[in-house]
Amino acid sequence: ALPIYEGVTDSLNLVFGYTKEKSSINEMFQEVEELMEDTQHKLEHAVQEMEAEEWGPGETAPDVDIKVFPPSYHNKSDTETTVGNEALHMHQEIDKECLIDEDCGTGKYCQINTFSYKCLVCKSHEKCSRDGECCHGEVCAWGMCTNDVSKGESGTVCERQLDCNPGLCCAVQSDLLFPVCSPLPIE
């Protein structure tokens, strides 16, 4: 055996009670696999016990009807009120909390500020500070959502130098609060 593996082999022998005469590496892997299966069975059993404690003997988790949840649970609220002979219909979009843009779904992005994270409708030809705010096919360039440029071109948002095309550098501009691909300074 190579000297570097002697310590590892000795440690495995101590932990699993193996000796060179008693076992092979395949038997050691078999033992480890059996231990992992046993652990999985114990975890499944623990989950079953926790569920039994939560719902009581012979009970199962109740079926959930999301229609009966309060309006604040859903992403929108529709109410109709009758005043005299007139019916008033109110539709309200409820801001969904998010951590990343993907939490918001198609056509929306996650607005992140110091106090809240909420889903907003994507922007088209409006002010922006990152590509995720812009609607599909647009990028944030010089602080505006546009489809006139491609990622890596002058004015597009960048995080590092590799995000910019050759001849441009990733730098913060004085009138923007985030870095964009900018022309290299000329001496």
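All values derive from a computational prediction rather than experimental measurement.

Q: Which parts of the structure should I look at to understand a nonpolar patch on the surface?
A: On the surface, a cluster of nonpolar side chains totalling about 410 Å² of accessible area is made up of Leu-99, Ile-100, Ile-112 and Tyr-117. Mapped onto the secondary structure, Ile-100 falls in the loop between strand S2 (86-93) and strand S3 (108-112).

Q: What exactly am I supposed to notice about the state of the cysteines here?
A: Under the definition given, this model contains 7 disulfides. Note on cysteine connectivity: Cys-122 is disulfide-linked to Cys-135, with sulfurs 2.0 Å apart. The sign of the S-S torsion, about 90 degrees, decides the handedness of the disulfide formed by Cys-122 and Cys-135: right-handed. Here Cys-122 is found in the loop between strand S4 (117-121) and strand S5 (139-141), whereas its partner Cys-135 is found in the loop between S4 and S5, with 13 residues between them in sequence. The pair formed by Cys-122 and Cys-135 is uniform in burial state, with each residue classed as buried. The disulfide partner of Cys-128 is Cys-140, and the gap between their sulfur atoms is 2.1 Å. Since a negative S-S torsion denotes a left-handed disulfide, the Cys-128-Cys-140 link at about 100 degrees is right-handed. One end of the pair, Cys-128, is in the loop between S4 and S5; the other, Cys-140, is in strand S5, with 12 residues separating them in the sequence. Each of the two residues, Cys-128 as well as Cys-140, counts as buried.

Basis of the calculations
- Residues numbered from 1 in each chain as written.
- Predicted model: local features only at pLDDT ≥ 70, side-chain atom pairs only at ≥ 80, totals over all residues.
- Heavy atoms only, no water.
- Patch = residues over 30% accessible without salt bridge, like charges linked within 9 Å, V, L, I, M, F, W, Y side chains within 5 Å.
- Areas by Shrake-Rupley, 256 points an atom, 1.4 Å probe, with all protein chains shown as cover.
- Salt bridge = Lys/Arg side-chain N within 4 Å of Asp/Glu carboxyl O.
- Helix = DSSP H or I, 4+ residues; strand = E, 2+ residues; numbered from the N terminus.
- Disulfide = S-S within 2.5 Å.
- Buried < 20%, exposed > 50% of the residue type's maximum accessible area, 1.4 Å probe, protein only.

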